[in-house]
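So you can see what is in the structure, the chains are spelled out below.
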Amino acid sequence: MENFHHQQLIKIIGEIDVAPENSSNFTKWITAHKHLELLEKNSQENEVILYASGPHTFVHSFAVPRSVLEEADIEDLHKWSCNPFNDRSRYVSGLAENSKTRVEHGVDSGGSKTLDAGLQLVFARTFDGWQGDDRMYIEILQEFSHLAGIHWRSELSAYCRIDNRGDVEPVVTVTIRKKDKQNIFLVTCNRETLDEFLAASGLALVWLFDFTLLKFRNFSGWGDAAEKRYEDNINLSYRQKLVGSQAGYTRGFQILEPLSGYEEAAKRIPDRWLGREEKAYAEFIAHDWRNDVVRKISTDPTATTNYFVADGNQLPFELSAVFFRPDVLLKYKMDKDKYRVGSRDLSCRDAWHLKTFDVNEAGQVHTYICYLRDLPIEEQLHWLSFNEEPKASISERAFTTDFKGEFTNEIDPLDKLRQLLNGWIELEVNWWKLIDEDGLDRISTPLTATRDEWAEAIMDLTKAIVEGFQTKHIRAQLNSLDIEYENNEGSIKLLERLWSHHDPVCAEGFGTLRLIQLIRSKTKGHAGSSEAIKIAKDALQKNGSFRKHFNAVCADLIDELSTITTIFGHDNR
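Residues numbered from 1 in each chain as written. Predicted model: local features only at pLDDT ≥ 70, side-chain atom pairs only at ≥ 80, totals over all residues. Heavy atoms only, no water.

Chemist: Even after reading the chapter, I still don't get unusual backbone geometry, so can you show me in this structure?
Modeler: Backbone phi values are negative for most residues with the exception of glycine, while trans is the configuration of most peptide bonds. Even without glycine at this site, D292 takes up a positive phi of about 50°. With respect to the helices, strands and loops of the structure, D292 is situated in the loop between strand 16 (283-288) and strand 17 (293-298). For D292, a relative accessible area of 64% puts it in the exposed group. For R349, which is not glycine, the phi dihedral falls at a positive 45°. (Helix = DSSP H or I, 4+ residues; strand = E, 2+ residues; numbered from the N terminus. Buried < 20%, exposed > 50% of the residue type's maximum accessible area, 1.4 Å probe, protein only.)

Okay, structure coming up:
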């Protein structure tokens, strides 16, 4: 998702770097009041500038130890002369023949001993000899990127991570824009993440800025005009020279410390590790089986108890079951890149995990209070909107595994199908391969009466299985057995020819493979057609629900795929 605040900063820089045509406005413009306002405002914002360069704007940054800044000489800081194109390390060697070559570390700050003790955060690099828009690119101080857990994503032009909602979060955003004469380079960072790094490292951010404001075609030199020094507060100092109403430069530095203070910013890190961040909870209608009543129960840990500490209270157990309309899972099935819906669990990238759920005889999805507690509050509220009173008890499978603590022989047909296909993968058969490495995980059993969910599940099933058959290798097998075939025949027909040769008495064709291929083509490609409607109606009439139909299809596919395994001389059933 595009970083809105970053884009707003680009817009502002583009606007304030345009010289006004009006003479009185131009005279005010060269005082850099708009540029200084930008720094003042941005110093308190959640998206902070690390590097900015425009026609008249230059902002660069170092992270410098607080102890060094406390003893720093202001005159020394004003001597800065550096840019992000400086290298982090370099080879150094003397001119003498026997001189030793060594690696020298540290960025040349251009004369400031204070900055020599600091860390440059942004490195602009140019691939010499390479032509193209990506010739210049931005690297971030590796120590910071590792600690922040961020990774470059070119499609977002940002260093990103997964946030606690499972979304891709831009942390350091980069823009390199070349547009006519107004080239704008901008690197910004999420302030909270930067503040945590500064606090844990005992550093402060030092902005180095230079705003040279003039019209180059009319500029004849700086002359003897006096340079003035301004220090608005202990953290801001700049020098300014104005040449009448023709030109001006404003050059200095500003020190930024964590907005919430060093102690609070550093404390956020272990709080996040230990789950001590402030949490919110929701109340669900649940079956309080300890007190044999259906009631509202909060996910707040203080509202429930467990077997070990239940004496002396009548609180409901944290394993109190909560029931939902099956539509609760549709949200997650719509975004297969972000969510993985398993047969009995649900996860969102590395952000959160619902340890278990199941479906009872009444078709209700159910889980337990203690697992809903682990979800972010936004997800709890989503589940709450589908919450309802139980229509039946929890599934027999859930009772066996979750309360008896025993293994169950009741395995989902889809899970059995996955086991068979994973067997093919382990055997490295050449006549089938998984086209999409996440293809098997994308398949999930439809639970609602929604035709689209059922059609989507069949489509995922078909893509994973049918598209995986390698026609070239199936034909090679047919050739080795002198079995005739037509060049335009697809994989299913070719497999049927092999089956007919293998067992001419029993071979009846792979009807279920053909069925899922038909459902996919008619219900997804022509969802509103009369044929698509009839296929869905027949599935419901024959099986009673889309869920039961899908399970029956998976069971039949297991038989057909097992036959294919035998045909090719493998037995991984």
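Chemist: In this structure, what is going on with the packing of aromatic side chains? I would like to understand it.
Modeler: Each aromatic ring pair is characterised by the separation of its centres together with the angle its planes make. Taken as a whole and assessed by the stated rule, the structure comprises 29 aromatic pairs. Here F399 and F403 contribute two aromatic rings whose centre-to-centre distance is 6.0 Å and whose plane-to-plane angle is 25°, an arrangement assigned as stacked. Taken together, the positions of F399 and F403, both in helix 13 (residues 396-403) and 4 residues apart, correspond to about one turn of that helix. Here the aromatic cluster, defined as three or more aromatic residues joined through ring pairs, consists of W289, Y307, F317, Y368, Y371, F399 and F403. For the cation-ring pair, R251 lies above W80, with the distance from its terminal atom to the ring centre recorded as 3.8 Å. The positively charged end of R290 is found above the aromatic ring belonging to F317, 4.9 Å away from the centroid. (Phe/Tyr/Trp six-rings, centres within 6.5 Å; stacked < 30°, edge-to-face > 60°. Lys NZ or Arg CZ within 6 Å of the ring centre and 35° of its normal.)

Chemist: Looking at this model, I keep getting lost on the environment of I234. Mind explaining?
Modeler: Secondary-structure assignment places I234 in the loop between strand 13 (227-233) and strand 14 (236-243). In sequence terms I234 and G248 are 14 residues apart; their C-alpha atoms lie 24 Å from each other.

Chemist: Would you mind showing me how to read the sheet that holds strand 21 (residues 352-354) here?
Modeler: In a beta sheet, neighbouring strands are held together by backbone hydrogen bonds and run either parallel or antiparallel to one another. Strand order in the open sheet formed by 3 strands is 19-20-21, and the pairing between neighbours is antiparallel. The sheet is open, and its two borders are formed by strand 19 (339-341) and strand 21, each paired with just one other strand. Recorded for the sheet is a direction-independent mean angle of 10° between the axes of neighbouring strands. The pairing of strand 20 (residues 346-348) with strand 21 spans 3 bridges and is classified as antiparallel. In the strand pairing of strand 21, S347 is matched with H353. (Pairing = 2+ DSSP bridges. Axes fitted to C-alpha atoms, helices over the stretch in contact; angles between N-to-C directions.)

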